[in-house]
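Coordinate inspection notes
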Amino acid sequence: MFGIYIHIPFCRTACHYCDFHFSTNTQTMEAMEAAVVKELELRIAAEKPDLRQLQSIYFGGGTPSLFTLSGLRALLGRLLPQAPNCREVTLEANPEDVTSDRLKAWLEMGINRLSIGLQSFDQNRLDWMNRQHSAEDAAAAVHLAAEAGFTHISADLIYGLPNRTLSFEDELKQFVALPVDHLSAYILTVEDRTVLGRRVEQGAQAVPEDDAVEAEYRRLCEAMAEAGFEHYEVSNWAKPGGHAVHNQHYWSGLPYWGIGPGAHGFDGARRYANVANNPKYIRALADASNAADVPSVAEALTPTDRYNESLMTGLRTAQGIALTDLENRFGLRPDATEPEAWRRFLNQGILKETGSGVYRIVEPHWVMADAIAAELFVA
Ligand code: SF4
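Remember, predicted model here, so these are calculated numbers, not experimental data.

Quick word on the overall build of the chain
A tally of helices and strands in the chain yields 15 helices and 15 strands. By principal-axis analysis of the C-alpha atoms, the chain measures approximately 55 × 50 × 45 Å. A burial count over the chain gives 38% of its 379 residues as buried. Excluding contacts between residues fewer than 6 apart, the proportion of contacts in the chain whose partners are at least 24 apart in sequence is 71%.

Notes on the pairing of strand β3 (residues 88-93)
With six of six residues buried, β3 lies mostly within the body of the structure. The alternating pattern of β3 places E88, T90 and E92 and V89, L91 and A93 on opposite faces, both of which are buried. Following the chain from strand β2 (residues 54-61) across helix α2 (residues 69-79) to the adjacent parallel β3, one finds a crossover that is right-handed. Looking at chain direction, β3 and strand β4 (residues 113-119) are connected through four bridges and run parallel. Along β4, the bridge assignment pairs E92 with S115.

Focus on the site of the ligand
Around the ligand sit C11, A14, C15, C18, F20, F22, G61, G62, T63, N94 and G117, and those are all the residues in its vicinity. When grouped by side-chain class, the residues that make up the shell around the ligand number six nonpolar, five polar and no charged.

A word on unusual backbone geometry
Of note, the amide linkage connecting G61 to G62 takes the cis form, showing an omega dihedral of 20°. Tracing the chain through its elements places G62 in the loop between β2 and α2.

Section: the environment of L144
Here L144 is to be found in helix α5 (residues 135-148). Judged by the 16 C-beta atoms lying within 10 Å of it, L144 falls in the partly exposed class. Residues L144 and S100, 44 residues apart in the sequence, show an inter-C-alpha distance of 7.1 Å. Here L144 is in contact with V98, S100 and L103, once residues within four sequence places are set aside.

Some words on the pairing of strand β7 (residues 230-233)
The pairing of β7 with strand β8 (residues 236-238) spans three bridges and is classified as antiparallel. From the neighbouring strand, H231 faces β8, where its bridge partner is W237. In this antiparallel pair of consecutive strands, β7 and β8, the connection spans two residues.

With respect to helix α6 (residues 168-176)
Each α-helix winds once per 3.6 residues, and so residues spaced three or four apart point in a common direction. Along α6, the residues classified as buried are F168, E171, L172 and F175. End-on, the buried residues of α6 take up no more than an arc of 100°, which puts them together on one face. Projecting away from the buried face of α6 at angles above 90 degrees are the exposed residues E169 and D170. Turning to α6, the residues buried within the fold contact β5 (152-159) and α8 (210-226).

Focus on the sheet that holds strand β13 (residues 321-322)
Read from one edge of the open sheet, three strands run β13-β15-β14, paired in antiparallel fashion. Across the chains shown, the open sheet's two edge strands, defined by having one partner strand only, are β13 and β14 (351-355). Sheet analysis places β13 next to strand β15 (residues 358-361), joined by two bridges and oriented antiparallel. Bridge pairing in β15 links A322 to V358.

Basis of the calculations
Residues numbered from 1 in each chain as written. Predicted model: local features only at pLDDT ≥ 70, side-chain atom pairs only at ≥ 80, totals over all residues. Helix = DSSP H or I, 4+ residues; strand = E, 2+ residues; numbered from the N terminus. Buried ≥ 20, exposed ≤ 12 C-beta atoms within 10 Å, placed from the backbone. Contact = placed C-beta atoms within 7 Å. Right-handed = clockwise from strand over helix to strand, strands pointing away. Pairing = 2+ DSSP bridges. Near = placed C-beta within 6 Å. Nonpolar A, V, L, I, M, F, W, Y, C, P; charged D, E, K, R; others polar. Arc of directions from axis to C-beta.

This is a description of form; function is not addressed.
Here's what the structure looks like:
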């Protein structure tokens, strides 16, 4: 089984917190369409995949809802007719791009899941983030998508925002009233090369204290449980049947292709990242005659890297980690390699056994999952 991630590197404007790869220069959209379609062809020619093993396709960005319909159609038209087991085709969409015509076209070409970037219902916070949609636009986009026939709709929210003018409680009420079956909620992180990063560095912007952010996370967990969502990963909640196939694919350590500038891929042993520069990517693809000409850097993962990654991804999920599975795959298990930290986490009620030899982090502590996993890493 494998998945395909396709990066669409354009946005209308730059959100002040975002350090993903994107450009606001959309003049090269058509050249990008040709380049991305060509990369897919070159990878198919080089790897001759059995497309019956393709399980999910994910258009991320950037803003995939800005991309040409002809580009999306060409990519999906190349893949889906030979991929009868592809269960999920997700497109990330910003509310301002969601129109009846686009929804109809996306459905017709095989997109069956939308991930809509709502981010917040607090209009002041949306303005502060430099989002291009209003709180009303966001709710209207979700309703329009549901009316058009999308049964799988995910929403993105950001919490831990400073200077709220709408309480988190009111935001949650508005969210659970929407016809969505999935939520991805992320803590606002301050990245260096962003407007927010510069403001924080200059002392012009304060960010909330950790305690306040953790309190919002705990309230989010409670509210989602009350609304019938299963908390299946640190940042992800789903109603029955709404679990994201593509995300679970990443967390299971299965291979996936990364197509497009700035896209990351994994072939089972190696991670690679395509050049995160639109003009360089377009120029290289214009001259490319095989997949090796796609500009990218690769990193081979050692068994220790793989073990640490499995530990991290396992501890971030409700499934947790199975000690015998880790031992069989890597010859390592955290209770043996880091016995002191392991015992401490158990004694403090941070880790609990959920089945024979299967352990997971207790929900309120999930917000610290990365730090907990890091203490158990092998050097
Ligand atoms: S958050 Fe999304 S829409 Fe905003 S700049 Fe980043 S990729 Fe673009």
